[in-house]
Amino acid sequence: AFKYKAGDGLAPSAQKVSVVPETYKWMAKPGDWLLLACDGVWDVFSSQRVVDEVCKAGGDLGEVLQQVLELCIEKEADDNL
């Protein structure tokens, strides 16, 4: 179950699945978005593709995100969404 965390001789931060989070500092301005998603979304689409889909759809954000998830399913995403 933990085969991706068991690389002999590798530090915890160097494992394929790491306990060390990636963090970034970002100074948000009014109108900026922060879009969070599971790795299953990013395995299927680039961040730019997700931004493009969200921006072109407009309307209710919940419905827009549902459309993005449906696109992931159509691409046969095989990870958590």
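Residues numbered from 1 in each chain as written. Predicted model: local features only at pLDDT ≥ 70, side-chain atom pairs only at ≥ 80, totals over all residues. Heavy atoms only, no water.

Visitor: Even after reading the chapter, I still don't get the nonpolar core, so can you show me in this structure?
Guide: Taken as a class, soluble globular proteins show a tendency for nonpolar side chains to be buried jointly. Of all hydrophobic cores here, the largest spans seven residues; its members are Val41, Phe45, Val50, Val54, Val64, Val68 and Cys72. Those elements that place two or more of their residues in this core are helix H2 (47–57) and helix H3 (61–74). In terms of residue count, H3 provides more of this core than any other element does, three residues in total. (Core = buried A, V, L, I, M, F, W, Y, C linked by side-chain atoms within 4.5 Å. Buried < 20%, exposed > 50% of the residue type's maximum accessible area, 1.4 Å probe, protein only. Helix = DSSP H or I, 4+ residues; strand = E, 2+ residues; numbered from the N terminus.)

Visitor: Help me understand the pattern of salt bridges in this model?
Guide: Oppositely charged side chains may form a pair once their charged atoms are brought near each other. All told, the structure shown has two salt bridges when counted by the stated rule. Where Lys56 meets Glu53, a salt bridge forms, and the shortest distance between an N and an O atom there is 3.5 Å. Highlighted residues: Lys56 and Glu53, both in helix H2, separated by three residues, approximately one helical turn. The class for Lys56 is exposed, based on a relative accessible area of 63%. Salt bridges sharing common partners tie together Arg49, Glu53 and Lys56. (Salt bridge = Lys/Arg side-chain N within 4 Å of Asp/Glu carboxyl O.)

Visitor: Explain a nonpolar patch on the surface here, please?
Guide: Taken together, the side chains of Leu35, Trp42, Val51, Leu61 and Leu65 present a nonpolar region at the surface, about 370 Å² in accessible area. Relative to the assigned elements, Trp42 resides in helix H1 (residues 39–44). (Patch = residues over 30% accessible without salt bridge, like charges linked within 9 Å, V, L, I, M, F, W, Y side chains within 5 Å. Areas by Shrake-Rupley, 256 points an atom, 1.4 Å probe, with all protein chains shown as cover.)

Visitor: Help me understand the packing of H2 against H3 in this model?
Guide: The axes of two packed helices give the description: the angle between them and the distance between them. Running from N to C, H2 and H3 cross one another at 135°; their axes reach a closest spacing of 9 Å. Taken together, the axes of H2 and H3 lie oblique to each other. For H2 against H3, the interelement crossing comes out right-handed. In contact with Arg49, Val50, Glu53, Val54 and Ala57 of H2, H3 contributes Leu61, Val64, Leu65, Gln67, Val68 and Leu71. (Axes fitted to C-alpha atoms, helices over the stretch in contact; angles between N-to-C directions. Parallel < 35°, antiparallel > 145°, perpendicular 65-115°, else oblique. Left-handed = near helix turned anticlockwise from the far one by under 90°. Contact = heavy atoms within 4.5 Å.)

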